[in-house]
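# Summary of the model geometry
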Amino acid sequence: MTNNLQATTTLSNGVNMPWFGLGVFKVEEGPELVNAVKFAIKQGYRSIDTAAIYGNEEGVGQAIQEAINEYGITRDELFITSKVWNSDLGYESTIAAYETSLEKLGLDYLDLYLVHWPVEDKYLEAWRALETLYSEGRVRAIGVSNFQVHHLEKVMKNAKTKPMVNQVEYHPRLTQAEVKTFCDNNGIQFEAWSPLMQGQLFDNPLLKELANKYNKTIAQIILRWDLQNGVVTIPKSTKERRIIENSTIFDFELTAEDMDRITSLNENHRVGPDPDNIDF
Ligand code: NAD
C-alpha cells in the first residue's frame, strides 16, 4: 500500500488520494512558489495542498499548468486541495468561493475542497454548499479541517454526505487520539497539517536517536510515523533538497515499538490555533 510516493488511500466515496503531498502555507506568490510546486511534481509528488487564505492559488495554478506542459503530467494524475476561508462560510458565499478558487488555480475541478475552520453557526451552511458542489460533480471529494469530534458529529447528524477527510494539526507532540479514533472509526481519512511541527522537533533526543538508528533524517522519521499511522501528510518546503528528503520515506519501516515511542512524545501541544477557541 504505502510503498511509493504515488501510493494512495481510498476515500469513503472511492476516490484515491495520495498519502503524501506538498503543503504551501506561507509561501507567497512568485518564482519560489512556482518553482517549488513544479519541482515537487517533477520529483513525483502528485498532491498539492493550498487554501484561499494562503493567497497563492494563482502561483500554484501556474505551476500545475507548466508541469502539465513541460513534464507530460495530466491533470487527472494530480490531486489538488483547497479550502474555503472563514469569511466565506455560508451557502452562496461558499459556492462563490469555490468558483473563485477554481478561477485562480485555472482548473475546472478540485480533487478535494475543505471547510477550513469550524466557525460556530457557519460551518453547517458551508457544508451544505460543499454537498451541492459534490452532488453536481464539480468536486471529486469534500471534507473539513480542524474539526473536533463534536463538530464532526454535528455535521454528520445534518448531512447527506459525510466528510471524506479531516485535516488537522498532528505531529508527535499532538497526536489527537480522540479525533483520530473517531475519524478512523467513521471512514473519515485523517490528514496531518504541520506534520513537522513547523520545524520545532528537530532537536528532540528520541527523534535524533531514531534518525541515527534508521539512517534517516528526523523529518523522514516523523513523516514515516504519519504513514504507518494511516495519516495523509503534506509537509511544506520550498527547498529542492528538502522536497526530495521529505518524500524519501517509502523505503524503510519503523518497528511497532519505535512507533509507540514516537507516539509517547505527545503533550497535547499545539503550534496552531485551538479549533474550540478561534477568533478569526
Ligand atoms: P510543517 O510542519 O510542514 O513545517 C514546515 C517547515 O518545516 C518549513 O517552513 C521548513 O522550514 C521546515 N522543514 C520542512 N522540511 C524540512 C526538513 N526536511 N528539514 C528541516 N526543516 C524542514 O508546517 P506547515 O507548513 O504549517 O504545515 C504543512 C502544510 O499543512 C501547510 O503548508 C499547509 O498546506 C497545511 N496547513 C493547513 C492548516 C489548516 O488549518 N488546515 C494549517 C497549517 C498548515
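Summary of the structure given here. None of the values given here were measured: they were computed from a predicted structure.

On to helix α9 (residues 240–247). Helical geometry: 3.6 residues make up each α-helical turn, so side chains three or four residues apart lie on a common side. Those residues of α9 not exposed but buried are Ile243, Glu245, Asn246 and Ser247. As for α9, its buried residues are in contact with β3 (22–23), α1 (31–43) and α8 (218–228).

This part covers helix α6 (residues 177–185). Of the residues making up α6, those classed as buried are Val179, Lys180, Phe182 and Cys183. Each buried residue of α6 sits inside an arc of 160° when the element is viewed along its axis, so together they form one side. Exposed residues on α6 whose side chains face more than 90 degrees from its buried face are Ala177, Glu178 and Asn185. Gly187, located one to two residues past α6, shows a positive phi value of around 70°.

Our next topic: the side chain of Thr175. Tracing the chain through its elements places Thr175 in the loop between β8 (165–169) and α6. By relative accessible area, which is 10% here, Thr175 ends up buried.

Here we come to the layout of surface pockets. Considering only enclosed or pocket space, the largest pocket measures out at about 830 Å³ in volume. Along the wall of the largest pocket there are 37 residues; nearest its centre are Phe25, Lys26, Ser194, Gln198 and Lys236. Here the lining of the largest pocket gets three residues from one element, more than from any other, and that element is α9. Here the lining of the largest pocket is built from residues that sort into 16 nonpolar, 12 polar and nine charged.

All right, on to the packing of α1 against helix α2 (residues 57–71) then. The description of two helices packed together rests on the angle between their axes and the distance between the axes. Where α1 meets α2, the axes come as close as 8 Å, and the angle between the chain directions of the two elements is 40°. The angle between the axes of α1 and α2 places the two elements in the oblique class. In the crossing of α1 with α2, the sense of the turn from one axis to the other is right-handed. Residues Leu33, Val34, Val37, Lys38, Ile41 and Lys42 of α1 touch α2, and the partners they reach there are Gly59, Val60, Gln62, Ala63, Glu66, Ala67, Glu70 and Tyr71.

What follows is about the site of the ligand. Taken together, 26 residues form the shell around the ligand, and within it Asp49, Ser145, Ser194, Leu196 and Asn246 come nearest. At 3.4 Å from an oxygen atom of the ligand is found a side-chain nitrogen or oxygen belonging to Trp193. In this structure, a nitrogen atom belonging to the ligand sits 2.8 Å away from a side-chain N or O atom of Asn246. In the complex, 88% of the free accessible area of the ligand, which totals 840 Å², lies under the protein chains. Of the pockets mapped on this structure, the ligand occupies the largest pocket. Of the residues forming the shell around the ligand, the biggest block, three residues, is contributed by α9. The residue inventory of the shell around the ligand, partitioned by class, reads 12 nonpolar, nine polar and five charged.

What counts and how
Residues numbered from 1 in each chain as written. Predicted model: local features only at pLDDT ≥ 70, side-chain atom pairs only at ≥ 80, totals over all residues. Heavy atoms only, no water. Buried < 20%, exposed > 50% of the residue type's maximum accessible area, 1.4 Å probe, protein only. Helix = DSSP H or I, 4+ residues; strand = E, 2+ residues; numbered from the N terminus. Contact = heavy atoms within 4.5 Å. Arc of directions from axis to C-beta. 1 Å grid on protein atoms, 1.4 Å probe; cavity = no way out; pocket = protein on both sides within 12 Å on 5 of 7 lines; lining within 4 Å. Points joined across faces, edges and corners; volume = space filled by probe spheres on them. Nonpolar A, V, L, I, M, F, W, Y, C, P; charged D, E, K, R; others polar. Axes fitted to C-alpha atoms, helices over the stretch in contact; angles between N-to-C directions. Parallel < 35°, antiparallel > 145°, perpendicular 65-115°, else oblique. Left-handed = near helix turned anticlockwise from the far one by under 90°. Near = heavy atom within 4 Å. Polar contact = N/O pair within 3.5 Å; in protein donor to acceptor, adjacent residues only side chain to side chain. Areas by Shrake-Rupley, 256 points an atom, 1.4 Å probe, with all protein chains shown as cover. Sits in = over half its atoms within 2 Å of the grid points.

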